[in-house]
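Structural overview for review
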Amino acid sequence: MMWPPATAFPVLLLLLLGQVPSCRSQSSGTKKLRLVGPANRPEEGRLEVLHQGQWGTVCDDDFALQEATVACRQLGFESALTWAHSAKYGQGEGPIWLDNVRCLGTESSLDQCASNGWGVSDCRHSEDVGVVCHPQRQRGYHSEKVSNAVGPQGRRLEEVRLKPILASAKRHSPVTEGAVEVRYEGHWRQVCDQGWTMNNSRVVCGMLGFPSQVPVNSHYYRKVWNLKMKDPKSRLNGLTKKNSFWIHGVDCLGTEPHLAKCQVQVAPGRGKLRPACPGGMHAVVSCVAGPHFQPQKPKPRRKESRAEQELKVRLRSGAQVGEGRVEVLMNRQWGTVCDHSWNLISASVVCRQLGFGSAREALFGAQLGQGLGPIHLSEVRCRGYERTLSDCFALEGSQNGCQHANDAAVRCNIPDMGFQKQVRLAGGRNSEEGVVEVQVEVNGVPRWGTICSDHWGLMEAMVTCRQLGLGYANFAIKDTWYWQGTPEAKEVVMSGVQCLGTELALQQCQRHGPVHCSHGPGRFSAGVACMNTAPDLVMNAQLVQETAYLEDRPLSMLYCAHEENCLSKSADLMDWPYGHRRLLRFSSQIYNLGRADFRPKAGRHSWIWHQCHRHYHSIEVFTHYDLLTLNGSKVAEGHKASFCLEDTNCPTGVQRRYACANFGEQGVAVGCWDTYRHDIDCQWVDITDVGPGDYIFQVVVNPTNDVAESDFSNNMLRCRCKYDGQRVWLHNCHTGDSYRPNTELSLEQEHRLRNNLI
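The sections below set out a description of the structure shown in this document. Predicted model only: the values in this text are computed from it and were never measured.

Below, the discussion takes up the overall build of the chain. A count of helices and strands for the chain gives 12 helices and 40 strands. If you take every contact in the chain between residues at least 6 apart in sequence, the share linking residues at least 24 apart comes to 71%. Counting every atom, the chain has about 36,700 Å² of accessible surface; 50% of that belongs to carbon and sulfur.

Under the defined criterion, the tally for this structure stands at 15 disulfides. What pairs with Cys-205 in a disulfide is Cys-287, and their sulfur atoms sit 2.0 Å apart. Between Cys-205 and Cys-287 the disulfide shows an S-S torsion of about -85°. By sign, it is left-handed. With Cys-205 in helix H4 (residues 198-207) and Cys-287 in strand E14 (residues 284-288), this pair connects stretches of sequence that are 82 residues apart. As far as burial versus exposure is concerned, Cys-205 and Cys-287 are alike and both buried. Shown here is the disulfide that connects Cys-452 with Cys-517, its sulfur atoms set 2.1 Å apart. Because the sign of the S-S torsion sets the handedness, a value of about 75° for the bond joining Cys-452 and Cys-517 places this disulfide among the right-handed ones. Of this pair, Cys-452 sits in the loop between strand E24 (445-451) and helix H9 (458-468) while Cys-517 is found in the loop between strand E26 (492-494) and strand E27 (527-531), placing the two residues 65 residues apart along the sequence. According to the relative accessible area criterion, Cys-517 is buried, its value standing at 18%.

For the rest of this paragraph, the subject is the pattern of salt bridges. Summed over all chains, the structure comprises 29 salt bridges. Two residues, Asp-597 and Arg-657, come together in a salt bridge whose shortest N-O distance is 3.4 Å. Of this pair, Asp-597 sits in the loop between strand E31 (588-592) and strand E32 (608-610) while Arg-657 is found in the loop between strand E35 (634-640) and strand E36 (673-676), placing the two residues 60 residues apart along the sequence. Residue classification places Arg-657 among the partly exposed positions, given a relative accessible area of 35%.

Quick look at the sheet that holds E31 now. Strand order in the open sheet made by the three strands is E28-E31-E36, with antiparallel pairing throughout. Two strands bound the open sheet, and with one partner strand each, they are strand E28 (537-539) and E36. For this sheet, the mean inter-axis angle between neighbouring strands, taken without regard to orientation, is 20°.

What follows deals with H9. Burial analysis of H9 places 11 of its 11 residues in the buried class, which makes it a mostly covered element. Along H9, the positions that sit buried rather than exposed are Leu-458, Met-459, Glu-460, Ala-461, Met-462, Val-463, Thr-464, Cys-465, Arg-466, Gln-467 and Leu-468. Packing partners of the buried residues in H9 comprise strand E22 (423-427), strand E23 (433-442), strand E25 (472-477) and E27. Immediately beyond the C-terminal end of H9, within one or two residues, lies Gly-469, with a positive phi of roughly 75°.

Another aspect to go through is the sheet that holds strand E37 (residues 684-686). Sheet architecture is open: three strands sit in the order E29-E30-E37, paired in antiparallel fashion. Each of the sheet's edge strands pairs with one partner strand only, and the pair in question is strand E29 (549-554) and E37. Sheet twist, expressed as the average angle between the axes of neighbouring strands with direction ignored, equals 35°. Relative to strand E30 (residues 580-585), E29 runs antiparallel, the two being bridged by six bridges. Opposite Leu-550, over in E30, you have Leu-584 as the bridge partner.

This part takes up the environment of Asp-99. Take Asp-99: it is sitting in the loop between strand E5 (96-98) and strand E6 (130-133). Looking at Asp-99, the relative accessible area reads 0%, which means it is buried. Sequence separation between Asp-99 and Ser-121 is 22 residues, and the spatial gap between their C-alpha atoms is 5.4 Å. Look past the residues within four positions of Asp-99 in its chain and what remains in contact with it is Cys-59, Asp-61, Ser-115, Asn-116, Val-120, Ser-121, Asp-122 and Cys-123.

What follows is about helix H8 (residues 344-353). For H8, the tally of buried residues reaches eight of 10 residues, placing the bulk of the element in the interior. If you check which residues of H8 are buried, you get Leu-344, Ser-346, Ala-347, Ser-348, Val-349, Val-350, Cys-351 and Arg-352. The N-terminus of H8 is capped by Asn-343, whose side-chain oxygen sits 3.2 Å from the backbone nitrogen of Ile-345. Just past H8, the residue Gly-355 takes up positive phi, approximately 95°.

Moving on, we get to a positive patch on the surface. On the surface, a cluster of positive charge is contributed by Lys-163, Lys-170, Lys-228, Arg-235 and Lys-242. Within the secondary structure layout, Lys-163 lies in strand E8 (residues 157-163). Exposure remark for Lys-163: the relative accessible area of 44% places this residue in the partly exposed category.

Now for the nonpolar core. Counting 57 residues, the largest nonpolar core has Val-180, Leu-259, Val-337, Trp-342 and Leu-389 as its most contacted members. Ranked by residues supplied to this core, first place goes to H8 with five residues. In this structure, Leu-537, Ala-541, Ile-619 and Leu-627 belong to the second largest nonpolar core, which totals 32 residues.

Cut-off values and rules
- Residues numbered from 1 in each chain as written.
- Predicted model: local features only at pLDDT ≥ 70, side-chain atom pairs only at ≥ 80, totals over all residues.
- Heavy atoms only, no water.
- Helix = DSSP H or I, 4+ residues; strand = E, 2+ residues; numbered from the N terminus.
- Contact = heavy atoms within 4.5 Å.
- Areas by Shrake-Rupley, 256 points an atom, 1.4 Å probe, with all protein chains shown as cover.
- Disulfide = S-S within 2.5 Å.
- Buried < 20%, exposed > 50% of the residue type's maximum accessible area, 1.4 Å probe, protein only.
- Salt bridge = Lys/Arg side-chain N within 4 Å of Asp/Glu carboxyl O.
- Pairing = 2+ DSSP bridges.
- Axes fitted to C-alpha atoms, helices over the stretch in contact; angles between N-to-C directions.
- Polar contact = N/O pair within 3.5 Å; in protein donor to acceptor, adjacent residues only side chain to side chain.
- Patch = residues over 30% accessible without salt bridge, like charges linked within 9 Å, V, L, I, M, F, W, Y side chains within 5 Å.
- Lys, Arg positive; Asp, Glu negative; His and termini not counted.
- Charge placed at Lys NZ, Arg CZ, Asp CG, Glu CD.
- Core = buried A, V, L, I, M, F, W, Y, C linked by side-chain atoms within 4.5 Å.

Encoded structure:
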């Protein structure tokens, strides 16, 4: 046991006398903890500790937030949200290992806190404590990560860069060709080209964010080198004579995620006087940028190969480009990859397949969110040179009990485009908010200025936060009079900005040529507030399909719904209260799949009280319900104002955080469902004016993107709908990103063939 020097003598005396203080756990801080709770909420549950090879519980006596914080940090989370007493997550079994735990809050593990001692307790399992940690993991926790990698000789090679030599290479962004330079012990060194191979180039390019490499014209570079060596005033001429200038003896297999994992020598082989690179020159590498980082050029459409049709890969729910949960396309449906045997080599195959470099981090335990569809692959084992993930060995995900809590994710190396240096935030209360200031060229001179907030919205704010490396946008702010920007950047230099949301930088978005801003600089400059995590709403497609039915509802029962614009416009022309409307009704469940709670954009002070239904609307329109023809024309519509956002259903052991009663807080917690039953007002599409036929039934959640989400692609649900004038059938319901594009019609054709309808 390690003790501070000041306490060494008293403790030694106590040990000699056999009087070890009972209030201090007799451990060096290596005991394992776990949370036993809902499968889809790894950040909360009953707290259990492993001691003497047996798992036991912790009593809730004296347990408070600072004890929960120590436990959460030991478990790899950033902090604790709260704790739970009286066996809220169920009663455990076995011994109650710790009681009266008292922490200062600075301990690195729970067994470093004061307690009664191991197994000394007067509690019962009805007093087992639980904790709720912040879902955000400590950076780098539970992952295989390349960070200042240490090589086989214990050498720490920090960074790699390409120093462009040709004028054309210097103008290119990103830099894809040049002399290799390695940062070692704080100094940049060039690499001797003797023994340099394309495998070495592959590793260097992967570190720099490029998926592949090509040979260089070594004869031309040798001529340039010889010219510099003949120049006595050349700085390079002097540096080459110093052994400390060279990295040499590089020998890579080509599958390594970092140069430090290769065989590398950073000192001369024999003696300090022997030249490190006799007769050689600096190694030159030429990389190939992925499609995300190349100038956009129209390409002729080509027929996909069979391999491309059978398996594709995408990343979902990542805050930055090149990161996210790994999903693969099999049997025309997207599914996830289990993290069993997941490592940097397999993750690098995914990254290169997607046009990025090698992987800098392979993440386990659904750290970038859980998927909802099938788990396609598990035990993925790649050698490193595979072109696609389908070339690697893998098992079916269902074969070894994987759950979505084991979804694998990746962070890839991406090229440095210099975009992060062209935007900044100023005047905010912290580094994640403020007035957006951008750098643009005005008459060929770089100038900093603000952005006109006309048309400024969440998509533009999302691009800004991504460009800054700050995650997702929480708010897009149009009125920033309370934030003082940089004095020399007051002028508006960008206006009419419109982004799709996928751009790498604001400079890639559409914008006005000449700047035109209706209100000028100052108070109405664009601003953002960024956040690390975000919610992600997705509909329960199966429930919609199973609960759909028709109802002919009398007008006398629809006054409230009519007042809230839940009926078609033709209802205005009817002879109220006589007659009826035909309604396509259904139940919906909206699941928060993300890593942050979904909260209304507007504060409670601006919620609208609806006397008719006697509830508050926290969001003006929460969902759109539409009936479309097969070619996409709208024939009927509905809308769903947020009656209230609340946790209608949560997994076992998860406490509901949001409830609408008594003007309560509204929202949908992570892992919980907000359910709207088929029998409540406005939970329908008014199809009174629709004739029999085949249609597409469509539901869009958060339709105007008012609230930030980590993934908007799964907000749309679509079903095939058949209406014969008296009955209705919904089938093939799925979220918008569940299948590959254009799969919907082919699935319908197969369905008709199986049922002899053709």
